[in-house]
Structure formats: C-alpha cells, structure tokens
Amino acid sequence: MKNIKLEHKPRQQQVEMLNFVKESIDLDKKFITIDAPTGTGKSYAAVMISDWYTSNYNKDAKVNVLTNTKILQDQYTNDFDFIASLKGNNSYWCKKNLMSCGDSKMMSKVKGGRCQTCPHSIAQSRFKNERVSLTNYHLITAYSMYSPDILSERGANLLIIDEAHSFEEAFCDFISSVISERSLTNLGIWHPSMIDDLDQISDIYKLSDYCSKIIVPKITSKMVQLIEDAKAARGKKKKSELVSKAGYCDKYLCKLQRFIKDRSIYKSNWVFDKTLDHNGVTKILVEPIWGNAYMKELFWDKYDHVIFMSGTILNTSIFNFLMGITEEDNSYLSLPCPFNEDKRPIIYLKFGKMSYYDKADTFKRAVPIINRILEKNKDNKGIIHSGNYGLSDWIKKSIKNKRLLIHESKTREKNLVKHLESEFETVLVSPSMMTGIDLKDDLSRFQIILKVPFPNLRSIKIKKRLETRPDWYNWKTLIDVLQSYGRSIRNDEDWAETYILDSCFDQVMSSDVPDYIKKAIKIKRLPQKK
C-alpha cells in the first residue's frame, strides 16, 4: 500500500473539517455532511480525513472517495498521486488488441484466453488493495448493482462523496431507460412491427411485461449472435466492431433488468413517460422519481461511515431526504466562503424574464448587453452559461464574435480543451458546464448566466417530485446557479465578475441563499419593456 502524503500546511477551514469529523464519529454519527464553498480546500481535507481515519481511528481501514466526473478524478490524481484511481474499462487502452480494454475483454471471451498485462485490470487491482481509492459515481453504482463482489473484496470502511449534492440525481440518471426506435436500432433488434407494439403499451406494467417477454430475449439472442460473428470474423477491425456492439447490449440489458426487478415499487417511485420522437414514432422513458429508496441497500450499508462534501448542500432537510437518511444520524457543518466579495461580484441585471413566454423578447434585449460585456472583457477569457442548447443556438445566430466557442453535445470536451489551451481570449458558450470544470485565474475573468436553470416542468418526473417535495424545485435551481458561479472563482487570489441576466432569479432568492452570495449581489434595474 502507498502511504498518504500530506505535503502542505492545512488551512484553518481544513483543520475545522477534520476536527468536525473526529467529533462526529465520537458522537457515533454514521453520516457527516460538510457544506464548504469553493476555495475551502475540500479535496485536501478529504485526504487529511483519510489519513487520520486510517492512521488513528482504524489502522486496517480503507477509504473510497467518489467524484461525479472523470475530469474531477483526474484533478484528484494530479494532486495526489498515491490515490488508486479507477475508471470504466473503456477508459483504458489495450496495446495488444489496439482497442479499449472493455472491447478487448469482450474480444478475449470470443477468442479465449486473456491479456497478460491489462491496464484496466492493473488499475482495478490497485483500487481493491490501496488504502485510499478513487472512482466516479457511475462506476461505483455499476459495481454496487451488478458486481458487488468487487466492492466486497475492496472492503472499504469510509466513503467520502465529493460534490455530494449531485449523487442522487446521477444515480437516477444511471438506472433510467429509454425504449424507442433509436435505442432498439442501436441494439440491432429493431423491427418495423415494433412501432405498433410500442403504440399499444399504455402503462409501466405493460412495458415491463413487453421488456421481459420480447426485448430481453431479443437482446440476449443478439449478444450471442454478435459474439459468434466475432469469432468467425477474420479482420481485427470487424472483430472489434462486433465485440463493441456486444458490450453495448450487455450494459443496456443490465439497466433494463434493474427496471424489471423494481416492479413492486413502480406505482410509488417510477414514472412512465410516453412521447413521440422526431419521426413520429413512440418513445418511452422510464425513470425513478427519487433515488433515496436505493441508497441504504446499495451504498450506505457497505460502510462504517459516510462523509458528504459539497459547496451547495444549502438545505439539510432536502439533502437528508434525497440521501434516505435521518437528521439524527447525520451531523452538519457549514463553512463560510473564504474569498472577499469584492473579488467575486454578482451583477444582477433586472430587465426581463427568460421564462417560456418571455424569453424571445428578453433575449433580444440581452444581446446588446452581452456584446457590451464581451467588449468590456475583450482581453479576458470567460464563459456564458446559456441554460439550454436552444439558447446557445440563439447566441450563435445573434452574436457574431469569433471568440465564442459554442458546442453541441458531442463537441463539449473538445471545446473545453480548446478553451483551456488557447492563447486567445476565448469565451465558452455552454448549457452543460455548470459543474465539474475548473476555470481558475485567467481561464475565466467573467461569466454570464443567461437563463436561470430551472428544472423542466414538462418532465413527468419533475412534476412527481414537486408533489412530494415542492421545496426541491427552487433548491435544485439555486444549486445550479451557485455551481455556475463557482466555475470561475477558485482560489484566494482569483477574481471574476458574474452577470445574471434573468429576472426569474428573484424566485430562488430564498432563505437558503448563503450569506456569502447575498453579500456579493449587486442589483441593477434596467428599464422594463413597456
């Protein structure tokens, strides 16, 4: 095992976090929640806590640290090389077969035998055995649901979840399933007769029966066929394509079987959303309303202690509900923002709402304001949080500025890398960079929140959530606003201006807004449209 390295003198707030964990464990608290804004050094605090836990509390203990993205995983391993990081097998490259390790392992099943030195197997072995290991939400969920023996062999005692406010949502997304012409075509099992089949499915129970009797057998048969075809294929490229398709079928099948297994709680915790795709063919989405019903069995029962870390917990009642835990079992620490508000002003320009019926008029008024902000910051990099891809497209059509990097879903990472590496004063335009990216220092000196990111009320799931916890809606919106705000303010010396151009922000200015945000807001009322 590699030793934990503490190479820096801890900040006062990091010491506070460690002491709070010690006190909470002394009080027999299983769950510990730390609400600490950007700049308090949560990552280093997590390492300090891991060191104390394994050196003083339980010398045989192991620690699992979770992040919500692979980008954050890389940030951890860049800072702490002793952590054993593990990603999904498709994130590793097999030099023998010249393909991802995921496809290579499927290839080995086809050909028989296995690679002698597999990068993924080496990383997985380290993950199982090291004192402190690191992975992401999706992989830990996959292991908990489909390969629990790996986690049992790991036998970790302490779980630390970074960006914990997003854990439940990521879990729900992971186990959701879409049954449509597109998804079934990608699986290689679509037949035109299925158009009528899907049309006739009127509820979640009929869909479950159809999946059990029709979809699952077809996917299973297709996997067998793909593997047999791969065995017979001569070219390595063709073999690779076939095993990759077989792997895709396997993952989809696992997700579908989880949905079928949950039949007893369909009525209480699943939604059935039947719509039409762009070709007018039925598309069905099934997803859990809440993830809290699964947390204890899949995660919490596997650990002695669980530490939630985030800069945006805000409301412990809602957070505890999402995690499926009680206030009695959980201790809570909230820390102030260490940054001077003069270095991180929020300029709230009130001139119109970006709501469904008002957004076209408001956007027209926003265009010259955005142009002025861009001109003011002509020597600076920045980011525009557009709110959705439709508004990104409006920006593309209305604002002709070569600095703008406007991405589609498939080019998100490419544009981010271009921005990070460019010598020019580029400006990201994105609806999906509210979390998980680090635009410290000169990578962003200004940011624009064009639209307050309210959850989509057309979603049946969102409507069902509001029936149970109506306070969740504004809480979730406020979290996304604060996460957007935190992309550009990353350390003591950092500075950036944030502009909010949507008067709907008034709706989330509740008691949950932290004092450090209230102090930074500077409201400017512009003339309203008559």
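Residues numbered from 1 in each chain as written. Predicted model: local features only at pLDDT ≥ 70, side-chain atom pairs only at ≥ 80, totals over all residues. Heavy atoms only, no water.

A. Summary view of the sheet that holds strand 2 (residues 63–67). As summarised here, the arrangement of the seven strands in space is 3-6-2-7-11-1-12, forming an open sheet in which the pairing is parallel. Only two strands of the sheet have a single partner each, and these edge strands are strand 3 (84–85) and strand 12 (330–334). Across two bridges, strand 3 lies against strand 6 (residues 132–136) in parallel orientation. Paired with Ser85 across the strands is Leu134, a residue of strand 6. Helix 5 (residues 119–129) rests against strand 2, strand 3 and strand 6 of the sheet, and its axis sits at about 125 degrees to strand 6. (Pairing = 2+ DSSP bridges. Helix = DSSP H or I, 4+ residues; strand = E, 2+ residues; numbered from the N terminus. Contact = heavy atoms within 4.5 Å. Axes fitted to C-alpha atoms, helices over the stretch in contact; angles between N-to-C directions.)

B. Region of the structure containing the pairing of strand 13 (residues 346–350). Of all five residues making up strand 13, five are buried, and the element is well covered by its neighbours. Of the two faces of strand 13, the one carrying Ile346, Tyr348 and Lys350 and the one carrying Ile347 and Leu349 are both buried. Where strand 13 and strand 18 (residues 497–500) come together, three bridges link them in parallel fashion. Within the sheet, the bridge partner assigned to Ile347 lies in strand 18 and is Tyr499. As defined by bridge partners, strand 13 adjoins strand 19 (residues 521–525) across five bridges and the pair is classed as parallel. Following the sheet pairing, Leu349 is matched in strand 19 by Lys524. (Buried < 20%, exposed > 50% of the residue type's maximum accessible area, 1.4 Å probe, protein only.)

C. Region of interest: the sheet that holds strand 17 (residues 446–449). Taken together, the seven strands give an open sheet; going across it, the order is 15-16-14-17-18-13-19, and neighbouring strands pair in parallel fashion. Since the sheet does not close on itself, it has two edges, and those belong to strand 15 (404–406) and strand 19, each with one partner. Across the sheet, the mean angle separating the axes of adjacent strands is 20 degrees when strand polarity is ignored. This element, helix 17 (residues 389–398), spans strand 14 (382–385), strand 15 and strand 16 (427–430) of the sheet and lies at about 140 degrees to strand 15.

D. View of helix 3 (residues 70–79). Every buried residue of helix 3 is accounted for by Leu72, Gln73 and Tyr76. Burial along helix 3 is one-sided: seen end-on, the buried residues are contained in an arc of 110 degrees. Buried residues in helix 3 make contact with helix 2 (42–57), strand 2, strand 3 and strand 6. The residue sitting at the N-terminus of helix 3 and contributing the capping side-chain oxygen is Thr69; that oxygen lies 3.1 Å from the backbone nitrogen of Leu72. (Arc of directions from axis to C-beta. Polar contact = N/O pair within 3.5 Å; in protein donor to acceptor, adjacent residues only side chain to side chain.)

E. Region of interest: the packing of helix 16 (residues 359–376) against helix 17. The contact between helix 16 and helix 17 brings their axes to 11 Å, and the two run at 45 degrees. One way to sum up the angle between helix 16 and helix 17 is to call them oblique. You can see that helix 16 and helix 17 cross each other, and the crossing is right-handed. Touching Lys359, Ala360, Phe363 and Val367 of helix 16 are Trp394, Ile395 and Ser398, all from helix 17. Taken together, the residues of the contact of helix 16 with helix 17 sort by class into five nonpolar, one polar and one charged. (Parallel < 35°, antiparallel > 145°, perpendicular 65-115°, else oblique. Left-handed = near helix turned anticlockwise from the far one by under 90°. Nonpolar A, V, L, I, M, F, W, Y, C, P; charged D, E, K, R; others polar.)

F. Broad picture of the pattern of salt bridges. Considering all chains together, one arrives at 19 salt bridges under this definition. Of the charged contacts, one joins Glu168 and Arg465 as a salt bridge, the two residues approaching to 2.6 Å between their closest N and O atoms. Note that Glu168 is positioned in helix 8 (residues 167–175) and Arg465 in helix 19 (residues 460–468), a separation of 297 residues in sequence. Given the relative accessible area of 3%, Glu168 is considered buried. Using a relative accessible area of 2% as the deciding quantity, one classes Arg465 as buried. Residues Lys476 and Glu169 are paired through a salt bridge, measuring 2.8 Å at the closest nitrogen-oxygen approach. With a gap of 307 residues between them, Lys476 in helix 20 (residues 471–485) and Glu169 in helix 8 connect regions that are remote in the sequence. Given the relative accessible area of 13%, Lys476 is considered buried. Where salt bridges share partners, they join Glu169, Lys476 and Asp480 into one cluster. (Salt bridge = Lys/Arg side-chain N within 4 Å of Asp/Glu carboxyl O.)

G. Region of interest: the packing of aromatic side chains. Inspection of the entire model under this criterion finds 27 aromatic pairs. Measuring from centroid to centroid gives 4.9 Å for Tyr53 and Tyr57, while their planes differ by 40 degrees, and the two rings are tilted. Linking Tyr53 with Tyr57, this pair stays in helix 2, spanning four residues, or about one helical turn. Of the residues examined, Tyr53 reaches a relative accessible area of 0% and is grouped as buried. Exposure remark for Tyr57: the relative accessible area of 41% places this residue in the partly exposed category. (Phe/Tyr/Trp six-rings, centres within 6.5 Å; stacked < 30°, edge-to-face > 60°.)

H. Inspection of the state of the cysteines at higher detail. This model, assessed by the stated rule, comprises zero disulfides. No disulfide involves Cys118; its sulfur sits 4.0 Å from that of Cys101, the nearest cysteine. Here Cys118 falls in the buried class, since its relative accessible area comes to 10%. (Disulfide = S-S within 2.5 Å.)

I. Expanded view of helix 19. Three or more residues of helix 19 are buried, namely Lys461, Ile462 and Arg465. Relative to the axis of helix 19, the buried residues are bounded by an arc of 95 degrees and lie together on one face. Looking at the buried side of helix 19, the elements it contacts are helix 8, strand 9 (270–276), strand 10 (282–288), helix 15 (316–323) and helix 20. The opening residue of helix 19 is Ser459, an N-cap whose side-chain oxygen sits 3.2 Å from the backbone nitrogen of Lys461.

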